[in-house]
Amino acid sequence: MKFRPLHDRVLVKRVDQEEKTAGGIILPDTAQEKPMEGKVVSAGSGAKADDGKVTPLDVKKGDRILFGKWSGTEVKVDGVDLLIMKESDILGIIEK
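Here's a quick rundown of the structure. (Residues numbered from 1 in each chain as written. Predicted model: local features only at pLDDT ≥ 70, side-chain atom pairs only at ≥ 80, totals over all residues. Heavy atoms only, no water.)

## Considerations on the pattern of salt bridges
- Under the defined criterion, the tally for this structure stands at five salt bridges.
- Ionic pairing is found between Arg14 and Glu74, a salt bridge with its closest N-O pair at 3.8 Å. Taken as a pair, Arg14 in strand S1 (residues 9-14) and Glu74 in strand S6 (residues 73-77) lie far apart in primary sequence, 60 residues in all.
- For Glu74, a relative accessible area of 52% translates into the label exposed.
- As a salt-bridge pair, Lys60 and Asp63 come within 3.2 Å of each other at their nearest N and O atoms. (Salt bridge = Lys/Arg side-chain N within 4 Å of Asp/Glu carboxyl O. Helix = DSSP H or I, 4+ residues; strand = E, 2+ residues; numbered from the N terminus. Buried < 20%, exposed > 50% of the residue type's maximum accessible area, 1.4 Å probe, protein only.)

## Considerations on the sheet that holds strand S2 (residues 37-43)
- In space, the six strands of this open sheet follow the order S6-S7-S1-S2-S5-S8, with antiparallel pairing throughout. The open sheet has two free edges, formed respectively by S6 and strand S8 (90-94), since each of these has just one partner strand. Each adjacent strand pair in this sheet contributes to an overall mean axis angle of 45 degrees, direction not counted.
- Note: strand S5 (residues 64-67) against S8, four bridges, orientation antiparallel. If you follow Arg64 over to S8, its bridge partner there is Ile94. (Pairing = 2+ DSSP bridges. Axes fitted to C-alpha atoms, helices over the stretch in contact; angles between N-to-C directions.)

Interpretation note: all reported values are geometric properties and have no functional meaning in isolation.
So, in C-alpha cells, the structure goes:
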C-alpha cells in the first residue's frame with residue numbers, strides 16, 4: 001500500500017532506543033519508554049495558507065527528527081507501526 005500524508009502531516013517511523021543503560025544494565029521492554037526519535041518516511045506537500053499558497057515543509061523523507069513524547073497518532077501501514085503527526089509536533093531535525 002502506498003501512503004502519502006496530506007498538507008502539513010508527516011509519517012514517521014520510531015528509531016529503536018538502546019536496551020542497555022549507560023552502566024550496562026539491560027532494560028526489559030516493559031521498562032523502556034517509547035523513543036522520541038524517528039525517521040521521516042513520507043511528508044505532505046506543505047501547509048496551505050488562507051490565500052491558497054502552499055508553504056513547503058522543513059522536513060523531508062529520510063530526516064531524523066525529535067518529537068514530543070505524546071505526539072502523533074499511531075497507525076499501521078503494511079504491517080509496520082508508524083506515527084502520523086503535524087509538522088508543528090516536530091521539535092527539531094537531528095543533523096550528523
